[in-house]
Amino acid sequence: MSDSASTTPTFSLLRYPRRFKLVAIIAVLLFAAALVVATLAAWRQENLTQSLREDTAWVVYKLDRDAVQLLNHLLAASREKIDPARHDELNLRFELLYSRMTLLNEGEVSTLLQEIPAARELLLQIHQHLDVLDPMFEPYGVLEQLPVAGLEVELQTLGRLTERLVIAINGYLAESATEERAQLSQLYKLLMSLIIGMSLAALLVIIFLVREMRESAAIRRQQEQLGLKLEETAEQAQAASQAKSDFLAMVSHEIRTPLNGVIGMSELLRESVSLTQVEDYARTIHDSANQLLAMINEILDFSKIEAGHLTLETSPTALKPLIDSVVVLFAPRAKMKGLLLTVNIDPLVPEWVLVDEGRLRQILLNLIANAIKFTAQGEINVRVSSTVEELIFEVSDTGCGLSEPQQARLFEPFQQADESVSRRFGGTGLGLAICKRLCDAMHGQLGVQSRLAHGSTFWCRLPLVEAHPVSASLPLAPSLDFTGTSLLLVEDNAVNRKVAVGLLSRLGCSVVCAENGHEALVMAQTQQVHLIFMDIQLPDIDGITVTQRLREKGGWLAGVPIVAMTAGGIEDDRQRCLAAGMTDYITKPLSLAALSNVLALQLFPSGEDGPLRLLSSGSSLPGEASMVNTDTLNMLRNTLGEASLSQLLVLYHQQVSDYFAQLSACLSSTPLSYDHVIRLAHQLRGESVSVGAEQLAEQAKLLESLAKVEHSTLAQLNDVFSSLKQTSAQTNAALERWRSDHLPA
């Protein structure tokens, strides 16, 4: 009862006098009525004005047409002797022409024409010519023969004047329409202002009425709103949980991408190097690959970190080799951006410490990667120092810096400095949050000191526990020799075939090729192989259909591994391939690592007595996109040899020229064959990826995707094709420049 008593006076204060509400309602109704009447009046006046202008334009047009027709009939009649009937007909047409002039000099039409200076002058001249023509068109009884020559001259002059009058009237109407549109725009703004005012007035009335609701209704409404807010809060919590899962999946992909950098270092092992260098390269590849792979599992365990279930694997760790192994991974990226990457380890820092090496490496990788990402010029400095109780790591940069509000939320999950960071640099905003949790789990601290436009310094403080040195050896890598393995490669593209055969031959495989689906079906019946690489888009039958037909044949074809080899990379492609009976899926660009990985997984699934299971294909770190991928070209040079690669590039240029000729012809033909465009763009994309022309491949992918859109237009396709041609010219120049620098003439 006390609550009710205290609430009642509050609602009593919200009641307004009835006369006040009545006046407000009447004011809103009158305002609305006035607005409607004003709108109708303006609309009616505009219709009348527009009708008058159209009538005037029509009369002037008919005047011009009558003058022209009179001249034409006069010329037609003058070819023979003008008889009385023709004479009277010409007189009648002149009278009609004269009557048109009379209409222009009377009523509202005349008033409108007088407002146009050019029309007023032309009307005077036309009237003068009509006065000259009037005595020349006398009836047959009065005038035996019409002066044809004089009439022809005068009518031609009159025709020119009427034509100028039509142009003048049309010009005036166009200017009037432009002015009226401008006025109409102003009226629309005024109308919107009036509507807003009326809406506010109506809202005021509604507020008056709503506030008079009884106390019980108000309390019930508040309870309903509270229930809705609780439901909304529950939905937001579920959405946040789902967003967290999605971000974890995304960030695992982001971390997996740098694994492709291992390929570049592994290619160095194929060159002639000393035993010491081989051991150093192998150790770097082994450590980097295993640690980067471990990151994926760590990120996926982010929920365990938050829940405090993280298990640390503390062990004696050599600090300097750990720092050097991290920094060496980022040296190429820093060099590409023109940044100076330095390391400074205080001599007082112990050589061996007790720490979780994997967690510490993950923290340093993230901090250095962020420093390079957000620094456009200057330097990155990694400093390691220590006190009696703490081990201190600092990563300083000369980048864009952070404001205090940005620093406050920087270590929260899924947060970045601002929305533009995600658009410019990518990423999920989860890296620093993981580092923060890892530091907390290791009983350390993570923080930042920064000012806008003055760079940032991220620091990590961990407890210092010295350790005794331990010795560890690099495990021996198993052999990558697939000698004796027979393969069937189904690929319609000559460049892609040459690249794939060269790489597979390097692995010791024996390869037979089929250029289309029908040829693959025939070869599969006559020759048994250990594995089949199948392209998805073939000129006659798509690879999925070919796979289904091979599986239907039974026998050894029912169990032979069939691996999709395509430039697609679309999520649905993998599912479709597996559903069709394929056993694996690999995307271009191809590499020895990717191919050996697939062969190992498919031919030696148990992992015993089989080759090393390597990483997915790729050749560049994030952010290293360029016109051509030099890592891919260097890999092809080491695999195929300089002479073969030079021939491959010549063949590629010829193929690209042929594709552009076919695309140009296809886009100019009627009707447009979208399927043909899709196939040509896909082939161009696959060849470009194989030789490292990544930007051209992306442009070809855009054209292919656009052609697949149901409502894409020819203009859109031509725009993308134009950009594709420009990219092709730049790519050809880049390839020629690389060939002249790296291949013999």
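**Q** I'd like to hear about the overall build of the protein chain, residue by residue, with values.
**A** Within the protein chain, the regular secondary structure consists of 25 helices and twelve strands. Long-range contacts, defined here as pairs at least 24 residues apart, represent 72% of the contacts in the protein chain between residues at least 6 apart.

**Q** Can you tell me about the nonpolar core, naming the residues and giving the values?
**A** By size, the foremost hydrophobic cluster in this structure holds 59 residues, and its most contacted members are Phe 533, Leu 595, Leu 599 and Leu 724. Filtering out sequence-adjacent residues up to four positions away, Phe 533 remains in contact with Leu 487, Leu 488, Leu 489, Val 490, Leu 504, Val 563, Met 565, Leu 595, Val 598 and Leu 599. Ranked by size, the runner-up nonpolar core spans 43 residues in total, among them Ile 323, Val 395, Cys 435 and Phe 458.

**Q** Could you give an account of the pairing of strand β9 (residues 510-514), with specific residues and numbers?
**A** Examined bridge by bridge, strand β8 (residues 486-490) and β9 share five bridges and lie parallel to one another. Following the sheet pairing, Ser 486 is matched in β9 by Ser 510. In this region the chain leaves β8, passes through helix α16 (residues 494-506) and returns to the parallel neighbour β9; the handedness of that crossover is right-handed.

**Q** Run through the environment of Ala 371, naming residues and quoting values.
**A** The residue Ala 371 is located in helix α12 (residues 357-373) in this model. Once the C-alpha coordinates of Ala 371 and Ser 396 are considered, the two residues, 25 residues apart in sequence, prove to be 7.3 Å apart. Residues within four places of Ala 371 in sequence aside, it is in contact with Ile 380, Val 395 and Asp 397.

**Q** Report on the sheet that holds β9, specifying residues and quantitative values.
**A** Taken together, five strands build an open sheet; the order of strands is β9-β8-β10-β11-β12 and the sheet is parallel. One side of each edge strand has no neighbouring strand; the edge strands of this open sheet are β9 and β12 (584-587). Between one strand axis and the next, the sheet turns through 25 degrees on average, direction left out of account. Bridging between strand β10 (residues 531-534) and strand β11 (residues 562-566) involves three bridges; their strand directions are parallel. By the bridge assignment, Ile 532 is partnered in β11 with Ile 562. Relative to the sheet, helix α17 (residues 517-526) contacts β8 and β9, its axis offset from that of β9 by approximately 135 degrees.

**Q** Tell me what's going on with helix α5 (residues 117-133), and back it up with residues and numbers.
**A** Because each turn of an α-helix spans 3.6 residues, side chains separated by three or four positions end up pointing in the same direction. Between the first and last C-alpha of α5 there are 25 Å, a value that for 17 residues agrees with the 24 Å anticipated at 1.5 Å per step. Turning to α5, its buried residues number three or more, namely Ala 119, Leu 122, Leu 123, Ile 126, His 129, Leu 130 and Leu 133. Across the axial projection of α5, the buried residues extend over an arc of 130 degrees, all falling on one side. In this structure, α5 carries Pro 117, Glu 121 and Leu 124 as exposed residues pointing more than 90 degrees from its buried face.

**Q** Tell me about the side chain of Arg 497, and please be specific about residues and values.
**A** Its location among the elements puts Arg 497 in helix α16. Once residues within four sequence positions are removed from consideration, Arg 497 is found in contact with Leu 489, Glu 491, Asp 492, Cys 513 and Glu 515.

**Q** Tell me about the pairing of strand β7 (residues 456-463), residues and numbers included.
**A** Both faces of the sheet carry side chains from a regular strand, because those side chains alternate between them. Across the eight residues of β7, six count as buried, placing the element largely inside the fold. Where strand β6 (residues 445-450) meets β7, six bridges bridge the pair, whose relative direction is antiparallel. Bridge assignment links Gly 447 to a residue of β7, and that residue is Trp 459. Between β6 and β7, which pair antiparallel and follow one another directly, the connecting turn spans five residues, one of which, Ala 453, has a positive phi of 70 degrees.

**Q** Pulling in residues and values, what's your account of the packing of α16 against helix α21 (residues 630-640)?
**A** Running from N to C, α16 and α21 point in directions that differ by 60 degrees, and their axes come no closer than 9 Å. Here α16 lies oblique to α21, going by the angle between them. Along this stretch, α16 crosses α21, giving a crossing that reads as left-handed. Taken together, the residues of α21 that come into contact with α16 (itself represented by Lys 498, Val 499, Gly 502, Leu 503 and Arg 506) are Met 635, Leu 636, Asn 638, Thr 639 and Leu 640.

**Q** Before we move on, can you summarise a nonpolar patch on the surface with the specific residues and values?
**A** The grouping of Ile 196, Leu 200, Leu 203, Ile 206, Ile 207 and Val 210 at the surface amounts to a nonpolar patch, some 520 Å² of accessible area in total. Structurally, Ile 206 is set in helix α6 (residues 148-210). Look at Ile 206 and you get partly exposed, because its relative accessible area is 47%.

**Q** Give me the sheet that holds strand β5 (residues 390-397): which residues, what numbers.
**A** Read from one edge to the other, the open sheet built from five strands follows the order β2-β4-β5-β7-β6, with strand pairing classed as mixed. Here the strands that pair on one side only, and so sit at the sheet edges, are β2 (340-345) and β6. Shown here is a sheet whose adjacent strand axes are inclined to one another by a mean of 15 degrees, direction ignored. Each of β4 (379-386), β5, β6 and β7 is contacted by α12, which is oriented at about 20 degrees to β5, the strand it contacts most. Where helix α15 (residues 431-441) meets the sheet, it contacts β6 and β7, and its direction lies at approximately 135 degrees from that of β6.

**Q** Describe the packing of aromatic side chains, with residues and values.
**A** For the structure on display, the rule yields one aromatic pair. The interplanar angle of 35 degrees and the centroid separation of 5.7 Å between the aromatic rings of Phe 660 and Phe 721 together place this pair among those described as tilted. Of the two residues, Phe 660 sits in helix α22 (residues 642-668) while Phe 721 sits in helix α25 (residues 714-742), which places them 61 residues apart along the sequence. As far as the burial class goes, Phe 660 and Phe 721 line up, both buried.

**Q** Provide a residue-level description of helix α20 (residues 592-603), including the pertinent values.
**A** Between its first and last C-alpha atoms α20 spans 16 Å; for twelve residues at 1.5 Å apiece the expected length is 16 Å, and the two agree. Buried residues dominate α20, accounting for ten of its twelve residues. Residues of α20 that are buried: Leu 592, Ala 593, Ala 594, Leu 595, Ser 596, Asn 597, Val 598, Leu 599, Ala 600 and Gln 602.

**Q** Give me the lowdown on unusual backbone geometry, citing residues and values where you can.
**A** A positive phi angle, close to 60 degrees, is found at His 443, a residue other than glycine. For His 443, a relative accessible area of 69% corresponds to the exposed category.

**Q** Describe in detail the confidence of the model for the protein chain, supporting the description with residues and values.
**A** Averaged over all residues, the pLDDT of the protein chain equals 75, while 75% of them reach at least 70. Per-residue pLDDT stays below 50 along residues 1-14; that stretch engages in six contacts with residues further than four places along the chain or on separate chains.

**Q** Let's hear about the packing of α22 against α25: which residues, and what values?
**A** It is the contact of α22 with α25, at a shortest axis distance of 11 Å, that shows an interaxial angle of 165 degrees. By the angle class used here, α22 and α25 are roughly antiparallel. Note that α22 runs across α25; the crossing there is left-handed. Its residues placed into classes, the contact of α22 with α25 shows 14 nonpolar, seven polar and four charged.

**Q** Explain the pattern of salt bridges to me, and be specific about the residues and the numbers.
**A** Inspection of every chain in the model, using the stated rule, returns nine salt bridges. With a closest N to O distance of 3.4 Å, Arg 361 and Glu 357 form a salt bridge. You can see Arg 361 and its partner Glu 357 sitting in helix α12, four residues apart, about one turn around the helix. A residue is classified by how much of its surface remains accessible, and Glu 357, at 28% relative accessible area, is partly exposed. Two residues, Lys 708 and Glu 704, come together in a salt bridge whose shortest N-O distance is 3.3 Å. Residue Lys 708 and its partner Glu 704 are both found in helix α24 (residues 694-708); the two are separated by four residues, about one turn of the helix. Given a relative accessible area of 45%, Lys 708 falls into the partly exposed group. Here the salt bridges share partners, and the residues they tie into one network are Arg 685, Glu 704 and Lys 708.

Parameters and conventions
- Residues numbered from 1 in each chain as written.
- Predicted model: local features only at pLDDT ≥ 70, side-chain atom pairs only at ≥ 80, totals over all residues.
- Heavy atoms only, no water.
- Helix = DSSP H or I, 4+ residues; strand = E, 2+ residues; numbered from the N terminus.
- Contact = heavy atoms within 4.5 Å.
- Core = buried A, V, L, I, M, F, W, Y, C linked by side-chain atoms within 4.5 Å.
- Buried < 20%, exposed > 50% of the residue type's maximum accessible area, 1.4 Å probe, protein only.
- Pairing = 2+ DSSP bridges.
- Right-handed = clockwise from strand over helix to strand, strands pointing away.
- Axes fitted to C-alpha atoms, helices over the stretch in contact; angles between N-to-C directions.
- Expected span 1.5 Å × (residues − 1).
- Arc of directions from axis to C-beta.
- Parallel < 35°, antiparallel > 145°, perpendicular 65-115°, else oblique.
- Left-handed = near helix turned anticlockwise from the far one by under 90°.
- Patch = residues over 30% accessible without salt bridge, like charges linked within 9 Å, V, L, I, M, F, W, Y side chains within 5 Å.
- Areas by Shrake-Rupley, 256 points an atom, 1.4 Å probe, with all protein chains shown as cover.
- Salt bridge = Lys/Arg side-chain N within 4 Å of Asp/Glu carboxyl O.
- Phe/Tyr/Trp six-rings, centres within 6.5 Å; stacked < 30°, edge-to-face > 60°.
- pLDDT = per-residue confidence, 0-100.
- Nonpolar A, V, L, I, M, F, W, Y, C, P; charged D, E, K, R; others polar.

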